[in-house]
Amino acid sequence: MPTSASLNTLTNHQIRLASRPVGLPTRANWSATTEPVQPPAAGGVLVKTLALSLDPAMRGWMNEGKSYIPPVGIGEVMRAGGVGVVVASENPLFAVGDHVSGSLGVQEYMLVPGDQLKRNGLFKIDLRLGGLTEWLNVLGMPGMTGYFGLMDVGLPQVGETLVVSGAAGAVGQTVGQMAKIKGCRVIGIAGGAAKCDWVVNTLGFDTCIDYKAGPDAVRDGLKQHCPDGVDIYFDNVGGDILDQVLARLARGARIIICGAISQYNNTTPVQGPKNYLSLLVNRARMQGIVVFDYADRYHQAVAEMAGYLKDGRMHSKEDVVHGLQTFPEALLKLFAGENFGKLVLQVAES
Ligand code: NAP
């Protein structure tokens, strides 16, 4: 660990938003900057970033305009959740060497002033419950999204049929595994044979539809695997896949609108669901969720799922890429389906 005197010699490399993208972000939308590392003032904590969570939501945060969270300002360090280690602390709740999770930003060091600790969401993580990258996945924000979206909005019942898109991704893997544990029949939708094989053979989903297998793959797969309709659809992708599932709802179905990654880089308006009247016919409902609304209950989900990770009922797969400077290209993997599991950017080893 650096001493407070040696902190002054450290440099913080950062990635900032330089301009707002149209369509897929490019290198030109980012700038790399450096700053000297500052020691914390009374009440504050200095965190060294170890790994960052790369999330589809980052694309939305790059846009101007109102959302569930303000956009990242031009010139600001890009927002990112991450895990790190406390390297200097002027706060009795955090000791040097503690591992923490919080909004660290795409940078090597995050200085969190004492009055910003809550806003930053900084909390200690217990590495006995799960490894560092698992705290960005099943035990982290995507896992919380999958858990509460499924349990609070999906309301799974034994024997029900659940379909989840983005099945091999961060949120999708939690949803499908939790739904199996709760007694559902689980059908994943993912891009490519390798991802489909993994969710069935490793995660224990009942089956998986490869939406890239052909133009009718989703329609035909849902017809084959959901003869009595879909009771719960956990939607991570929106677009055509949402429409195909809407066409196969069971009576009383619940649809969790978690995300719509197929639409995030559109240069035309978002494609809305054409088949929404299926909600009427089937007395079904569709509800959006924002994970941060469940922050007060994260500890419950962490305790439950850490138990499943320990006893082997759940797996947590991360796809780790290395180096802060690779951030602009690494982020794009999400939109090309090149991540296999939760996409994590390793910034430092320790
Ligand atoms: P992820 O699934 O780990 O990664 C994104 C995956 O999306 C890609 O690997 C790719 O998988 C798939 N994808 C990309 N473009 C697609 C397209 N055009 N059509 C279909 N699939 C496509 O990402 P994640 O972090 O778990 O996030 C999943 C969704 O949850 C996103 O929509 C995200 O915005 C949302 N989310 C919402 C909340 C919330 O609070 N509401 C919180 C976290 C995440 P394939 O190879 O299978 O195509």
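The preceding data block contains the structure.
The present account deals with the structure reproduced in this document. As the structure is a computational prediction, the values presented were derived from the model and not from experiment.

Cut-offs used in this document
- Residues numbered from 1 in each chain as written.
- Predicted model: local features only at pLDDT ≥ 70, side-chain atom pairs only at ≥ 80, totals over all residues.
- Heavy atoms only, no water.
- Helix = DSSP H or I, 4+ residues; strand = E, 2+ residues; numbered from the N terminus.
- Expected span 1.5 Å × (residues − 1).
- Buried < 20%, exposed > 50% of the residue type's maximum accessible area, 1.4 Å probe, protein only.
- Arc of directions from axis to C-beta.
- Contact = heavy atoms within 4.5 Å.
- Pairing = 2+ DSSP bridges.
- Right-handed = clockwise from strand over helix to strand, strands pointing away.
- Phe/Tyr/Trp six-rings, centres within 6.5 Å; stacked < 30°, edge-to-face > 60°.
- Lys NZ or Arg CZ within 6 Å of the ring centre and 35° of its normal.

**So, helix α10 (residues 298-311)**
Compared with the 20 Å implied by 1.5 Å per residue over 14 residues, the 20 Å span of α10 between its first and last C-alpha is a close match. For α10, every residue scored as buried is listed here: Tyr 298, Ala 301, Val 302, Met 305, Ala 306, Tyr 308 and Leu 309. Down the axis, α10 shows its buried residues gathered within 160° of arc, on one side only. In α10, the exposed positions that point more than 90 degrees away from the buried face belong to His 299, Ala 303 and Lys 310. On its buried side, α10 packs onto α4 (141-154) and α5 (170-181). Positive phi appears at Gly 312, one or two residues downstream of α10, with a value of about 85°.

**Section: the pairing of strand β11 (residues 230-235)**
The buried fraction of β11 amounts to six of the six residues, a majority that puts the element mostly inside the structure. Sheet topology note: the strand β8 (residues 161-165)/β11 ladder contains three bridges and is parallel. From the neighbouring strand, Val 164 faces β11, where its bridge partner is Phe 234. Of the strand pairs in this sheet, β11 and strand β12 (residues 249-257) are connected by five bridges, and their pairing is parallel. Among the inter-strand pairings, Asp 235 is bridged to a residue of β12, identified as Ile 257. Handedness of the crossover joining β11 and β12 through helix α8 (residues 239-246): right-handed.

**So, α4**
Taken across its 14 residues, α4 has eleven buried, putting it largely inside the fold. Buried within α4 we find Pro 142, Gly 143, Met 144, Thr 145, Gly 146, Tyr 147, Phe 148, Gly 149, Leu 150, Val 153 and Gly 154. Immediately beyond the C-terminal end of α4, within one or two residues, lies Leu 155, with a positive phi of roughly 45°.

**Thoughts on the packing of aromatic side chains**
Counted under the stated rule, the structure contains six aromatic pairs. Taking 6.1 Å as the distance between ring centres and 40° as the angle between the ring planes, the aromatic pair formed by Tyr 68 and Phe 292 counts as tilted. Here the residue Tyr 68 occupies a position in the loop between α2 (57-61) and β4 (81-89), and Phe 292 occupies one in the loop between β13 (285-288) and α10, the gap between them amounting to 224 residues. We classify Tyr 68 as partly exposed; its relative accessible area is 45%. The class of Phe 292 is partly exposed, set by a relative accessible area of 40%. Members of the aromatic cluster, each reached through a chain of ring pairs, are Tyr 147, Phe 148 and Tyr 294. Looking at Lys 317, its charged tip hangs above the ring of Trp 198, at a distance of 5.8 Å from the centre.

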